[in-house]
Structures are given as C-alpha cells and as structure tokens.
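# Summary of structural features
Okay, here's what each chain looks like letter by letter:
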Amino acid sequence: MKITAVHIYDCKLYPHATANNLVLLLLQTDQGIEGLGEVSLAYGAGATAAVGMLRQLAERFLLGADPMHIEQMWNRLFRGTFWGQGGGPVLYGAMSAIDAALWDIKGKLFGVPAWELLGGRVNDRLRLYANGWYSRDSAQGRVNLVEPAEYAERALAVVADGYTAIKFDPFVVLADGRRINPPRQLPREQADLAMARVAAVREAVGSEIDIMVEAHGNLGATSAIEIGRRLEEYHPFFFEEPVDATNMEAMAKVVESIRIP
C-alpha cells in the first residue's frame, strides 16, 4: 500500500474571527483507503504555520510512503526534519496529524478501531467535562458572556445536557465584553467579577456538579495565590494553569500556598 495523495484543509469556522481555525489532513492510498488527522492548533495564531508544515512534510516524506509503517514514519519525521528533535507545537502538531491519519488507515484496513490496534479498551465509560460553553454563536463568531447571571444560565444548560463537570475561565472577559490576556497582577475589579462568575455558577449547579477554573497561565504567582484562596470556598475540582506552565518555581509556590488541586 502506498500514499498517493495528501489533502490539507484550512477550515476557518468563523470568517471574521482569528481563532477556531481547524487544520485537517486527509491521506489517500492506492487501495482506496483514506486516513484523517488534525493539527491541534485550531485556536490562537498557529493555523497558517500548521498548513505550511504539513505541506512540506507531505512533499518530502508522505507521498509514496507505506502507511503501514507508522513507527518508521514517526522516526523519519522526528529525526529527518532536523527540528523534530527540538520540538515545538507546529511541527509536533503536524506529526500528530500524520500519526492519527496513519492509524486511521491501518484500522480501516484491518476493520477495527485504532484503539484496538493500540492495545485495546481500558475503560468502558469515560467521564467528560464541558468546556467552551461560556460564549455563544453570532454572525461575527463567538460572543463572550459577561454577567454572572449569564454564566449561571449557560452552566445550567450544560448540566441539562448531561455533563457532571464544567470548566471555564472567568478572568479573560472584561465587564465591557472585551476578551484580553489578564495582567499578571489581576486588578481588583477584574478579580471581583471573576469571583462573582464562579459564585454564580456554583450556586446554579449546586454541590454535586464539579466546576474547574482555568486561568490559561495568565496570572503571576502572587495573584494566583490570592485568587486560589478566594476560590477555596467554591470547592473547584481543580485550578488549571494558574501561572505559566513552564515556570515550575512559580507553579510550586502556588501549589504550596492554596488548598485546592
């Protein structure tokens, strides 16, 4: 079996928005079996780079290759691209999309799901949490929720869909609806608004639903500790990425200073 064609899809979900830009990969073979993968740079500003990276990898490594040799392909991409051993989300994202597409092809050839090839099922059921629920669609893209009551209303709708856990970032949207990267030291009015949103969600969903608070690494250690201590009364399941994930010293300081995971 050989890879005969590579199709890269740059999918802008919202024409007027810079985020939510899926990059999909479709591999076709001489036996008519197709494999699908995705570069996980759908938000932020990496989609264009992902398209270019996939195009180069397709030209140099994929066309004519045997899609059954998945581990061999991974090693060729890791060692033969020069930058593979240095890492980074663009190259590794492209490698991930290729890897998924190859497993998709192999699973279809043998008539089994890819997870069966990778060792079989571990769990019969997995618990999911809802994310991305604290905004709504519009012609211009996603519109941010602002008022705590709006958060509470949407949280109840998510719970009604069957979710027992929900995650949200209460810090990134200002009172006027603008979305920003909060400063390291969160201003008092912004912190109070975030806490009001968390309180509204907790009151709406009750104690049986887990809530998770996300900070996207935006806070400094001092502000993260202050926020973490204020969050304790709402019993979040976890406080995600309160500071930069690469700053281990700051992360350790936060962990040692608050009583939530």
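These remarks concern the structure in this document. Just so it is clear, the structure is predicted and the values come from calculations on it, not from any experiment. (Residues numbered from 1 in each chain as written. Predicted model: local features only at pLDDT ≥ 70, side-chain atom pairs only at ≥ 80, totals over all residues. Heavy atoms only, no water.)

For the protein, the helix and strand inventory stands at eight helices and eight strands. Here the protein holds 261 residues, and the buried ones make up 42% of them. A fraction of 63% describes how many contacts in the protein between residues 6 or more apart in sequence connect residues 24 or more apart. On the protein, roughly 14,500 Å² of surface is accessible, and the fraction owed to carbon and sulfur atoms is 53%. Each charge class in the protein was averaged separately, 25 positive and 32 negative side chains, and the resulting centres sit 3 Å apart. (Helix = DSSP H or I, 4+ residues; strand = E, 2+ residues; numbered from the N terminus. Buried < 20%, exposed > 50% of the residue type's maximum accessible area, 1.4 Å probe, protein only. Contact = heavy atoms within 4.5 Å. Areas by Shrake-Rupley, 256 points an atom, 1.4 Å probe, with all protein chains shown as cover. Lys, Arg positive; Asp, Glu negative; His and termini not counted. Charge placed at Lys NZ, Arg CZ, Asp CG, Glu CD.)

Further remarks concern unusual backbone geometry. For His216, which is not glycine, the phi torsion reads 55 degrees and is therefore positive. The topology assignment puts His216 in the loop between β7 (210-214) and α7 (221-231). Although it is not a glycine, Glu241 sits at a positive phi angle of roughly 45 degrees. For Glu241, the position within the fold is in the loop between β8 (238-240) and α8 (248-257). Overall, the relative accessible area of 30% leaves Glu241 in the partly exposed class.

This paragraph deals with the packing of aromatic side chains. Scanning the entire structure with this criterion turns up nine aromatic pairs. Relative to Phe78, the ring of Trp74 has its centre 4.9 Å away and its plane inclined at 15 degrees; by these criteria the two rings are stacked. In this pair, Trp74 and Phe78 both sit in helix α2 (residues 70-80), four residues apart, roughly one turn of the helix. With centroids separated by 5.9 Å and ring planes inclined at 55 degrees, the aromatic side chains of Phe237 and Phe238 adopt a geometry described as tilted. For Phe237, a relative accessible area of 43% puts it in the partly exposed group. Residue Phe238 is classed as partly exposed on the basis of its relative accessible area of 22%. The rings of Trp133, Tyr134, Tyr151 and Phe168 are connected pair by pair, giving a single aromatic cluster. (Phe/Tyr/Trp six-rings, centres within 6.5 Å; stacked < 30°, edge-to-face > 60°.)

Now for the packing of α2 against helix α3 (residues 89-110). Where α2 contacts α3, the axes come no closer than 10 Å and their chain directions differ by 165 degrees. As the angle between them shows, α2 and α3 are arranged roughly antiparallel. Where α2 crosses over α3, the two elements pack in a sense that is right-handed. Every residue of α3 that contacts α2 at Ile70, Met73, Trp74, Leu77 and Phe78 is listed here: Tyr92, Met95, Ile98, Asp99, Leu102, Trp103 and Lys106. (Axes fitted to C-alpha atoms, helices over the stretch in contact; angles between N-to-C directions. Parallel < 35°, antiparallel > 145°, perpendicular 65-115°, else oblique. Left-handed = near helix turned anticlockwise from the far one by under 90°.)

Trp133, Ile166, Phe171, Val201, Ile227 and Phe239 are the most contacted members of the largest nonpolar core, which totals 38 residues. Contributions of two or more residues to this core are made by α5 (148-160), β6 (165-168), α6 (188-205), β7, α7 and α8. For this core, the element with the most residues is α6, which contributes six residues. Residues contacting Phe171, with those up to four places away along its chain left out, are Pro182, Leu186, Gln190, Ala194, Met195, Val213, Glu214, Ala215, Ile227 and Phe239. In this structure, Ala50, Met73, Ala94 and Met95 belong to the second largest nonpolar core, which totals 29 residues. (Core = buried A, V, L, I, M, F, W, Y, C linked by side-chain atoms within 4.5 Å.)

Attention now goes to helix α1 (residues 47-62). Taken residue by residue, α1 has Ala47, Ala50, Val51, Leu54, Leu57, Ala58, Phe61 and Leu62 as its buried positions. Buried residues of α1, viewed axially, fall in a sector of 135 degrees; they line one side. In α1, the exposed positions that point more than 90 degrees away from the buried face belong to Thr48, Glu59 and Arg60. (Arc of directions from axis to C-beta.)

This part takes up the sheet that holds strand β1 (residues 3-12). If you trace the three strands from one edge of the open sheet to the other, you get β1-β2-β3, paired in antiparallel fashion. Two strands close off the open sheet at either side, each with one partner strand: β1 and β3 (34-39). For this sheet, the mean angle separating the axes of adjacent strands, direction not counted, is 20 degrees. Strand contacts of α3: β1, β2 (21-29) and β3, with the helix running at about 155 degrees to β3, the strand carrying the most contacts. (Pairing = 2+ DSSP bridges.)

Our focus in this paragraph is the sheet that holds β8. Backbone hydrogen bonds are what pair the strands of a sheet, in a parallel or an antiparallel way. As summarised here, the arrangement of the three strands in space is β6-β7-β8, forming an open sheet in which the pairing is parallel. Of all strands in the sheet, those bounded by a partner on one side alone are β6 and β8. Within the sheet, the average angular offset between the axes of one strand and its neighbour, ignoring direction, is 20 degrees. Sheet topology note: the β7/β8 ladder contains three bridges and is parallel. Bridge pairing links Val213 to Phe239 in β8.

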